Amino acid sequence: MDIDTVRTAEADDAAGRRREQRGWYFYDWACSVYSTSVLTVFLGPYLTSVAKAAADADGYVHPLGVPVRAGSFFAYAVSLSVIVAVLVMPVVGAAADRTGRKKPLLAAAAYVGAAATTGMFFLSGERYLLGGVLLVVANAAQSVAMMLYNSYLPQIAPPEERDAVSSRGWAFGYAAGSLVLIADLVLYLAHDSFGVSEATAVRICLASAGLWWGAFTLVPLNRLRERRSVRREAALPGMRQLAATVRDMRRHPLTLAFLLAYLVYNDGIQTVISQASVYGSEELGLGQSTLIGAVLLVQGLAVAGALAMGRLARTYGAKRTILGSLIAWTLTLGAGYFLPAGAPVWFFVLAAGIGLVLGGSQALSRSLFSHLVPPGKEAEYFSAYELSDRGMSWLGPLLFGLTYQVTGSYRDAIISLVAFFAIGFVLLARVPVRRAIGDAGNPVPERI
């Protein structure tokens, strides 16, 4: 084979890889709208109001005969969705690796989630139980689909490209979330001008997220391609498969060490995301419009932050860049402790600090983990990663709540979260990532 033929083949391979990567980005673009508009902004308050409308005189609803406070129904539904995801993800991940047919599984999970989200348009009156079922289905389906989506990363990007590719994916997601949230807020705030009620406007926002999710999922399904599997063993049921995955990961203790570090500092990240609005409203006395504006600011700056940290990783390596981001998270929380009440400008400064490190720390964690996954077990290992991301982030909210209960101060509660970033920093710093990559059977990048 002459040199021109080799160069042509390499160029074709690079072009095909770029096409797959661009398609891959679009799944983040498709599903991030669900996380932003549905989970973060609209569904919690709306489903709670529907549950309260259905509640008895004591404020309880009775799903399947079980008495539940209407104000707790949304939280319980989210928790149930995590349990469902914990049972389903390892099985689907093992099946994807065994058959090599990730795309049909990704399509099934994505469209089940999109359909459930679109069905939230019918969540009205006292249909709280319908809302709970749709939330459980949509949230669990999103977790499964994200696990499959993430597992493509080591297959579509060589080691030297993964930080940049992962960062672009997160940037696409945050950009889509910002774009749709702006449109949603225009409809919600000016619903009278559009001739619809406030409740109808919320239902349109919920359903449109599902339609967006389903429509743009067509792009990755068209561009991603299947890889032949080298595995033949059968997947196991539910918890047995999860246990089998964990046993296999014990053969790669350095991969487990990274996953432990990620579990700790990601718990801190997720708690800041979920509790920042509580801190802003209860401790700082800020209004809903300020909090929504802060969410939009975080979304917008997370795009720039993810891309900027991707570039930093090319110079300093992913591990060092993540460690730097954990220092930035600590400084941001320290500044948040001293924010004056009733001063929206300083809360926006805090939101800007969060936005700049949020996307990058998540994107680089994903790309770094992709180097630590043994070949042929991408989906199975990313199911454990996704569980760490979505299913294990309970200790941070518990610490936040206990600190407030003991001290009566949300300032003390927010500063207590520094522990997660400090411990996560120490655990990650102790992981020899070059040796971990080699032990997993992967080529070690020049800079990691």
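Just above, that's the structure.
This write-up is about the structure you can find in this document. (Residues numbered from 1 in each chain as written. Predicted model: local features only at pLDDT ≥ 70, side-chain atom pairs only at ≥ 80, totals over all residues. Heavy atoms only, no water.)

**Some words on the environment of Phe400**
Phase 1: Note that Phe400 resides in helix α15 (residues 395-407).
Phase 2: For Phe400, a relative accessible area of 3% corresponds to the buried category.
Phase 3: With 15 residues separating them along the chain, Phe400 and Ile415 place their C-alpha atoms 8.9 Å apart.
Phase 4: If sequence neighbours within four positions are ignored, Phe400 has contacts with Thr271, Gln275, Tyr410, Ala413, Ile414, Ser416 and Leu417. (Helix = DSSP H or I, 4+ residues; strand = E, 2+ residues; numbered from the N terminus. Buried < 20%, exposed > 50% of the residue type's maximum accessible area, 1.4 Å probe, protein only. Contact = heavy atoms within 4.5 Å.)

**Re the packing of helix α12 (residues 318-337) against helix α17 (residues 418-429)**
Between two packed helices, both the angle of their axes relative to each other and the distance between the axes serve to describe the pair.
Phase 1: Axis separation between α12 and α17 bottoms out at 9 Å; the angle between their running directions is 165 degrees. Relative to α17, the element α12 lies roughly antiparallel. At the point where α12 passes α17, the crossing takes the left-handed sense. Side by side, α12 and α17 meet where Lys319, Ile322, Leu323, Leu326, Ile327, Trp329, Thr330 and Leu333 of the first sit next to Val418, Phe421, Gly424, Phe425, Leu428 and Ala429 of the second.
Phase 2: Counted by class, the contact of α12 with α17 contains eleven nonpolar, two polar and one charged residues. (Axes fitted to C-alpha atoms, helices over the stretch in contact; angles between N-to-C directions. Parallel < 35°, antiparallel > 145°, perpendicular 65-115°, else oblique. Left-handed = near helix turned anticlockwise from the far one by under 90°. Nonpolar A, V, L, I, M, F, W, Y, C, P; charged D, E, K, R; others polar.)

**A word on the pattern of salt bridges**
Phase 1: Summed over all chains, the structure comprises five salt bridges.
Phase 2: Glu161 serves as the salt-bridge partner of Arg18, at 3.1 Å between the closest nitrogen and oxygen. One end of the pair, Arg18, is in helix α1 (residues 3-54); the other, Glu161, is in the loop between α5 (153-156) and α6 (162-189), and 143 residues separate them in sequence.
Phase 3: In this structure, Glu20 and Arg225 form a salt bridge, with 3.4 Å as the shortest nitrogen-oxygen distance. Of the two residues, Glu20 is situated in helix α1 and Arg225 in the loop between α8 (218-223) and α9 (238-249); the sequence distance between them amounts to 205 residues.
Phase 4: For Arg225, a relative accessible area of 46% puts it in the partly exposed group. (Salt bridge = Lys/Arg side-chain N within 4 Å of Asp/Glu carboxyl O.)

**Here's the deal with the environment of Asp248**
Phase 1: Tracing the backbone shows Asp248 in helix α9.
Phase 2: The sequence separation of Asp248 and Trp212 amounts to 36 residues, and the corresponding C-alpha distance is 38 Å.
Phase 3: In contact with Asp248, other than residues within four places in its own chain, are Lys377 and Tyr381.

**A closer look at the nonpolar core**
Phase 1: Within the largest apolar cluster, 130 residues are counted, with the highest numbers of intra-cluster contacts made by Trp24, Tyr27, Leu43, Phe258, Tyr265 and Trp329.
Phase 2: Examining the composition of this core, we find that 16 residues originate from one element, α1, more than from any other.
Phase 3: Setting aside residues up to four positions removed in sequence, Trp24 forms contacts with Tyr149, Tyr152, Leu153, Ile156, Val165, Ser166, Gly169, Leu224 and Arg366. (Core = buried A, V, L, I, M, F, W, Y, C linked by side-chain atoms within 4.5 Å.)

**Quick notes on the packing of aromatic side chains**
Phase 1: Taken as a whole, this structure holds 27 aromatic pairs when the rule is applied.
Phase 2: Aromatic ring contacts, followed pair by pair, group Trp24, Tyr25, Phe26, Tyr27, Trp29, Tyr149, Phe172, Trp212 and Phe216 into a single cluster.
Phase 3: Note that Lys102 overlies the ring of Tyr152, its terminal NZ or CZ placed 5.3 Å from the centroid. (Phe/Tyr/Trp six-rings, centres within 6.5 Å; stacked < 30°, edge-to-face > 60°. Lys NZ or Arg CZ within 6 Å of the ring centre and 35° of its normal.)

**Examining α15**
Phase 1: Look at α15: 18 Å from first C-alpha to last across 13 residues, which is about the 18 Å you get at 1.5 Å a residue.
Phase 2: Inspection of α15 places Gly396, Phe400 and Thr403 among the buried residues, and these make up the whole buried set. All buried residues of α15 lie within an arc of 70 degrees about the axis, which places them on one face of the element. Facing away from the buried side of α15, by more than 90 degrees, are the exposed residues Gln405 and Val406.
Phase 3: Packed against the buried residues of α15 are α10 (253-283), α16 (410-416) and α17.
Phase 4: In the stretch just after α15, Gly408 is the one whose phi turns positive, near 70 degrees. (Expected span 1.5 Å × (residues − 1). Arc of directions from axis to C-beta.)

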